[in-house]
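# Coordinate analysis (summary)
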Amino acid sequence: SQADFDFYKEAEFQPGDTILFKRGATFHGMFSPRGSGTENAFICLKAYGEGQRPIIHALGKNTAGIFLKNVEFWEIDGIEITNTNGTDADQGTLFGIYVLARDTGRTRHHIYITNCYIHDVNGKVGGKGRGGIHVHIEGEKPARFHDVRIVGNRIERIGGVGIGNNSPHAKVVFDTEAEDRRADYFWTKVYVAGNFIDHTGRNSIIARVSEDAVYEYNTLANSSRYSTGHSIFCFNTRGIKIQYNEVYGNVGEGGTDRGAFDADYHCTHTYIQYNYSHDNLWFCGIMK
C-alpha cells in the first residue's frame, strides 16, 4: 500500500534483506532507502505476484523514483517508474533511477539494475546530467564504482540521457600528466547490455570514467530529440568495447553531432565494432 511505501521509503535495510513490491500496485513519491548489503548478502528490491509491474510515480517533483545514496551491494529488478508532472516543461534534475556516491572516499561495489521500465521522465528537454538510469560520484573525496550492471531495461520518453555515469575523480592521463592521481579512480567491471532506449532528449547512452567497460546488445532509437548529441559516446575511458548494438533515428538539425557512435575526448584503446547503424544522419561521430 501507499502507507507501507511511505513508512519504508527512507528505512535502513540490512544485508540479505529483500524488499518486495506487489505487482499491480501503484505508489507515489520517491523510494530512497538506506543501508548496504555485503559481498555475500545483497539487498534486493524486486516485484512479486502476478500482473503488471509495480509502478512508482515520482510526479516530476522528486529527484527519482528510486534513489540510492552512499550504498552498495544492491540489486533492483522489475520495477516501473515515471517522473514527470505531465507537461513539456523543464522540471529540473530528474531521474528514473539514480545511484549517487557523494564524498565516500572509497570504492562502492555491486550495483545491479535489471529488467526495469523507466518512462516519461521530465519534459521535452535535453541535458546530460539527468535522465533515465544514472550512476554518479560527487564530492571532493576520490572514489569509484566496481561491478555495475545495467541490463535488460526499457527506457522511453526521457528528458536528458537514457543511461549515464559520471565522476570527477577519473581521467585518462598522458605522459605529461603522470602524477595526476585521477588515473587511479576508473570504474571497473561496468556492463551495460540488452537495454532498449527510445526517444531521449539528449544522448541515448553516455559512457564515462571506466576501464574495460562493455556496452553491447543495446537498441538505441530516436536519440537527441531536444538537443544534439551522438546516440552513444564515451568520454574518459580506457579499453571500452561498444559492440553488437543497433542504433537508428538520430536525425535532425545539428550537423556532425548526430552520429550513432562517438569516441570523444580522453579515450584510449576504444573498440567500436560489430554494430548496426541505420537511418541516422551519420554512421559514426567525431573521433577526438
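Before going into details, it helps to say that this report is about the structure given with it. Keep in mind the model is a prediction, meaning the values are calculated, not measured. Counting restarts for each chain, with residues numbered from 1 along the sequence as it is written. Local features in this predicted model are restricted to residues whose pLDDT is 70 or higher, and side-chain atom pairs enter the listing and the counts only when it is 80 or higher, whereas totals over whole chains, interfaces and linings include all residues. Based on all heavy atoms of the structure, the side-chain values leave hydrogens and waters out of the count.

Only protein atoms enter the calculation, which uses a 1 Å grid: trapped sets of points that fit a 1.4 Å probe without letting it out are cavities, open sets showing protein on both sides within 12 Å along at least five of seven lines are pockets, and any residue with an atom within 4 Å of a point is a lining residue. Grid points are joined across faces, edges and corners, and a volume is the space filled by probe spheres set on the points. On inspection of all chains with the given rule, the structure shows 1 cavity of 30 Å³ or more. Space inside the largest cavity adds up to approximately 70 Å³. Lining the largest cavity, in full, are V135, V148, I150, I163, G164, N165, W187, V190, V192 and Y215. Here a strand is any run of E in DSSP of at least two residues, a helix any run of H or I of at least four, and the numbering for each starts at the N terminus. Those elements that provide at least two residues to the lining of the largest cavity are β12 (144–151), β14 (161–166) and β15 (187–193). Classification used: nonpolar for Ala, Val, Leu, Ile, Met, Phe, Trp, Tyr, Cys and Pro, charged for Asp, Glu, Lys and Arg, polar for all others including Gly. For the lining of the largest cavity, the class distribution of residues is 8 nonpolar, 2 polar and no charged.

Mapped onto the secondary structure, I55 falls in strand β4 (residues 55–57). Relative accessibility under 20% of the residue-type maximum defines a buried residue, over 50% an exposed one, and the middle range a partly exposed one, all with a 1.4 Å probe and only protein chains included. Of the residues examined, I55 reaches a relative accessible area of 11% and is grouped as buried. Between the C-alpha atom of I55 and that of I81, which follows or precedes it by 26 residues, the distance is 5.5 Å. For I55, the residues in contact, after removing those within four places along its chain, are A25, T26, F27, E80, I81, T82 and H119. Two residues form a contact once any of their heavy atoms are found within 4.5 Å.

Planes of paired rings set the category: under 30 degrees apart is stacked, over 60 is edge-to-face and the rest tilted, where pairs are Phe, Tyr or Trp rings (Trp by its six-membered ring) whose centres lie within 6.5 Å. Applying the stated criterion across every chain yields a total of 15 aromatic pairs. Between F5 and F27, the ring centres sit 5.1 Å apart and the planes meet at 20°, which makes this aromatic pair stacked. Here the residue F5 occupies a position in helix α1 (residues 2–8), and F27 occupies one in strand β2 (residues 26–28), the gap between them amounting to 22 residues. There is no split in this pair, since F5 and F27 are both buried. Relative to Y244, the ring of Y217 lies with its centre 4.9 Å away and its plane at 5°, an arrangement referred to as stacked. Taken together, the positions of Y217 in the loop between β19 (214–216) and β20 (219–221) and Y244 in the loop between β23 (241–243) and β24 (246–248) put the pair 27 residues apart, joining distant regions of the chain.

Moving on, we get to the layout of surface pockets. The calculated volume of the largest pocket comes to roughly 200 Å³. Along the walls of the largest pocket sit S1, D4, F5, Y8, F13, T18, I19, L20, F21, K22, F27 and F31, which together make up its complete lining. Elements represented by at least two residues in the lining of the largest pocket include exactly α1 and β1 (18–22). No other element matches the 5 residues that β1 contributes to the lining of the largest pocket.

This brings us to the pattern of salt bridges. We define a salt bridge as a side-chain nitrogen of Lys or Arg found within 4 Å of a carboxyl oxygen belonging to Asp or Glu. Across all of its chains, the model carries 8 salt bridges by this definition. As a salt-bridge pair, D88 and K124 come within 3.9 Å of each other at their nearest N and O atoms. Taken as a pair, D88 in the loop between β7 (80–83) and β8 (95–102) and K124 in the loop between β10 (117–121) and β11 (131–138) lie far apart in primary sequence, 36 residues in all. Accessibility expressed as a relative area gives 47% for K124, which makes it partly exposed. Across the pair D120 and R157 runs a salt bridge whose closest N-O atoms are separated by 2.9 Å. With a gap of 37 residues between them, D120 in strand β10 and R157 in strand β13 (residues 154–158) connect regions that are remote in the sequence. The class for R157 is partly exposed, based on a relative accessible area of 39%.

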